[in-house]
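What follows is the residue order along each chain.
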2 protein chains.
Amino acid sequence: MTYCVGLLVKDGLVMLADTRTNAGVDNISTYRKLQIFGNDGERLVAVATAGSLSTTQAALEQAAHGFLAPDTGEMESIHTAPTIHRAAWLIGQAVRQARTAMEGLTQGSDINFDATLLVGGSIGGEPTRLFLVYGAGNFIECGPDTPYLQIGETKYGKPILDRALTFDTDVYEAVKIGLISFSSTMRSNLAVGLPIDLLIARSGQATAELVHRIDETDPYYHDLNERWSTALRAAQASIPQPPYRAGAI
Amino acid sequence: MTYCVGLLVKDGLVMLADTRTNAGVDNISTYRKLQIFGNDGERLVAVATAGSLSTTQAALEQAAHGFLAPDTGEMESIHTAPTIHRAAWLIGQAVRQARTAMEGLTQGSDINFDATLLVGGSIGGEPTRLFLVYGAGNFIECGPDTPYLQIGETKYGKPILDRALTFDTDVYEAVKIGLISFSSTMRSNLAVGLPIDLLIARSGQATAELVHRIDETDPYYHDLNERWSTALRAAQASIPQPPYRAGAI
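Rules behind the numbers
- Residues numbered from 1 in each chain as written.
- Chains lettered and ligands numbered in written order.
- Predicted model: local features only at pLDDT ≥ 70, side-chain atom pairs only at ≥ 80, totals over all residues.
- Heavy atoms only, no water.
- Phe/Tyr/Trp six-rings, centres within 6.5 Å; stacked < 30°, edge-to-face > 60°.
- Helix = DSSP H or I, 4+ residues; strand = E, 2+ residues; numbered from the N terminus.
- Buried < 20%, exposed > 50% of the residue type's maximum accessible area, 1.4 Å probe, protein only.
- Lys NZ or Arg CZ within 6 Å of the ring centre and 35° of its normal.
- Least-squares fit on C-alpha atoms with pLDDT ≥ 70 in both.
- Contact = heavy atoms within 4.5 Å.
- Axes fitted to C-alpha atoms, helices over the stretch in contact; angles between N-to-C directions.
- Parallel < 35°, antiparallel > 145°, perpendicular 65-115°, else oblique.
- Left-handed = near helix turned anticlockwise from the far one by under 90°.
- Nonpolar A, V, L, I, M, F, W, Y, C, P; charged D, E, K, R; others polar.
- Expected span 1.5 Å × (residues − 1).
- Polar contact = N/O pair within 3.5 Å; in protein donor to acceptor, adjacent residues only side chain to side chain.
- Buried area = accessible area lost by both parts, 1.4 Å probe.
- Salt bridge = Lys/Arg side-chain N within 4 Å of Asp/Glu carboxyl O.

- For chain A, an unreviewed UniProt entry supplies the name Peptidase and the organism Phenylobacterium deserti.

And the structure:
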């Protein structure tokens, strides 16, 4: 499993991705799922991946190397895309091709090669944008009404995002909310695990403000986890007990 | 969609079920999903249902009316079962038969007739037990290590159960935790909605201590919802901001 979330607030983009992969519960490994291209002041393309690792690795290899874009017939890649929207489109095409190729190689089996990706960033000074790319190559864009997108094991960590995050939330507050969302997810699903990769980019910037890995020894994450557990127990304790007594429906 | 949870703590059983059903988002109705049989001091069989309403309604009709049990060849029903375990088994068989019959009627379509059920209660003074019955008729029992079972839209409401509930939790505290779990679920999935049906039964008792419906006008649930939201925001605010600053993975 996997959990990745992208938070696009007024002042910037936060992307968080866990690193646990599993083929069954008896085969668990650590793989980077947050890939960063460019990050050179001109081009920042951050990609978080969920689903078949063979699909997403093959697709990103091809999207980075370049391929003949089906609509223009030109050689294009993440490194030549003029906008982050075009980069998301190219990545979607590469995912679609990789998935189709693998399904062809394994016809008759029921191996699942589906994948979803988050693509965020900014190219050439444009406003930072964030997209969720599906395995068929189509994609949707994150907007201010719901300023986040999730892939993978999304449900455990969604309630805190829905309650706490708005488009006006500060970037570092958004990081904190994202990490609380991870904390809830990792409490309930062992297939999502540390380390967590983190990227922060200010809006319109093509150089990340921060690229950081949060591992098992990270004191802040440990403290956040403890404080959140304690606060939830206190919140629960502060609510009066139900007044319901004998009656009938 | 549906969300139902059964909490089996040392002192008793709590069952909570929402009442929203939907066939697509444009066809939403209210149906009781918590059915109570007996409740007469001798026999208490409480059943919460998720999945195909035509399957669960047909199965409960048959399990209440009685049918030839495939293993004994005798006419048996929820009202004759000597134990809650046998009642769960009979309900499982009835679900399996109902599901198979409906799949036969609609062959070639991709309508999903699967269903899952929670069956809890006590017959003839035995200790209260709680089971999760699958659509194939097999079932599992709730134990003290994880003193709850969920069906339907389970993920949004699972983190609070994992963090707050133990086998030693007081019955009314368990009701409160169950309602917080509903609050999180209903915040994130519109297909789960009020009213919520609630049953409380003390362990070994075959008469419910409380059967109650929590509707939109319920001041306690409204207050719980508000307090929980406020407490989550306060908990989030009380956690310091991340210390991470420029570096590299």
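Here we look at the packing of aromatic side chains
Phase 1: Tallied over the full model, the rule gives six aromatic pairs over all chains.
Phase 2: Here Tyr 3 of chain A and Phe 182 of chain A contribute two aromatic rings whose centre-to-centre distance is 4.7 Å and whose plane-to-plane angle is 45°, an arrangement assigned as tilted. With Tyr 3 of chain A in strand S1 (residues 3-9) and Phe 182 of chain A in helix H4 (residues 171-188), this pair connects stretches of sequence that are 179 residues apart.
Phase 3: Residue classification places Tyr 3 of chain A among the buried positions, given a relative accessible area of 0%.
Phase 4: Residue classification places Phe 182 of chain A among the buried positions, given a relative accessible area of 0%.
Phase 5: Here the aromatic rings of Phe 131 of chain A and Phe 139 of chain A are separated by 5.4 Å at their centres, their planes lie at 85°, and the arrangement is edge-to-face.
Phase 6: Geometry around Tyr 172 of chain B places Arg 245 of chain A over its ring, the cationic atom sitting 4.2 Å from the centre.

Things to note about the relation of the copies chain B and chain A
Phase 1: Mapping chain B onto chain A calls for a rotation angle of 180° and an axial translation of 0.0 Å; the resulting RMSD is 0.0 Å. In the structure described here, the two chain copies are related by an operation that fits a two-fold rotation axis. When C-alpha positions in chain B are compared against the rotation axis, the closest is assigned to Tyr 156 of chain B, at 2.5 Å.
Phase 2: Looking at the interface residues of chain B, 100% of them are also at the interface in chain A, so both copies use one shared face.

Focus on the packing of H4 of chain A against helix H5 (residues 219-238) of chain A
All names here are of chain A.
Phase 1: Where H4 contacts H5, the two axes come as close as 10 Å, and the packing angle between them is 70°. On the basis of their axis angle, the class for H4 and H5 is roughly perpendicular. Helix-helix and strand crossings are classified by hand; for H4 and H5 the assignment is right-handed. Judged by residue contacts, Lys 176, Leu 179, Ile 180, Phe 182, Ser 183, Ser 184 and Met 186 of H4 engage Tyr 220, Tyr 221, Leu 224, Asn 225 and Trp 228 from H5.
Phase 2: Across the contact of H4 with H5, the residue classes break down as eight nonpolar, three polar and one charged.

Some words on helix H4 (residues 171-188) of chain B
Residue and element names in this part refer to chain B.
Phase 1: Between its first and last C-alpha, H4 extends 26 Å over 18 residues, near the 26 Å set by a 1.5 Å rise per residue.
Phase 2: Most of H4 is tucked away, with 17 of its 18 residues classed as buried.
Phase 3: For H4, the N-terminal capping position is held by Asp 170, with its side-chain oxygen 2.8 Å away from the main-chain nitrogen of Tyr 172.

Let's talk about the interface of chain B and chain A
Phase 1: If you look at the interface, chain B gives 55 residues, while chain A gives 55 residues.
Phase 2: Summed over both partners, the interface of chain B with chain A comes to about 5100 Å²; 60% of that surface belongs to carbon and sulfur atoms.
Phase 3: At the boundary of chain B and chain A, one finds two salt bridges.
Phase 4: In this structure, Glu 153 of chain A engages Lys 155 of chain B in a salt bridge whose closest nitrogen and oxygen atoms are separated by 3.0 Å.
Phase 5: Connecting chain B to chain A are 22 residue pairs in polar contact (both at pLDDT 80 or more).
Phase 6: At the level of secondary structure, the elements contributing two or more residues to the side of chain B that touches chain A comprise helix H3 (158-164), H4, strand S13 (196-202), strand S14 (210-214) and helix H5 (219-238) of chain B.
Phase 7: In terms of residue count, H5 of chain B provides more of the side of chain B that touches chain A than any other element does, 14 residues in total.
Phase 8: Among the residues forming the side of chain B that touches chain A, the class breakdown is 28 nonpolar, 10 polar and 17 charged.

Examining the pattern of salt bridges
Residue and element names in this part refer to chain B.
Phase 1: For the coordinates displayed, the defined rule picks out 28 salt bridges over all chains.
Phase 2: Note that Glu 141 and Arg 129 form a salt bridge whose closest N and O atoms lie 2.8 Å from each other. Taken together, the residues Glu 141 in strand S11 (residues 139-141) and Arg 129 in strand S10 (residues 129-133) connect sequence positions 12 residues apart.
Phase 3: For Arg 129, a relative accessible area of 25% translates into the label partly exposed.
Phase 4: In this structure, Glu 173 engages Lys 176 in a salt bridge whose closest nitrogen and oxygen atoms are separated by 3.1 Å. Highlighted residues: Glu 173 and Lys 176, both in helix H4, separated by three residues, approximately one helical turn. Summarising the burial analysis for this pair, Glu 173 and Lys 176 share the class buried.

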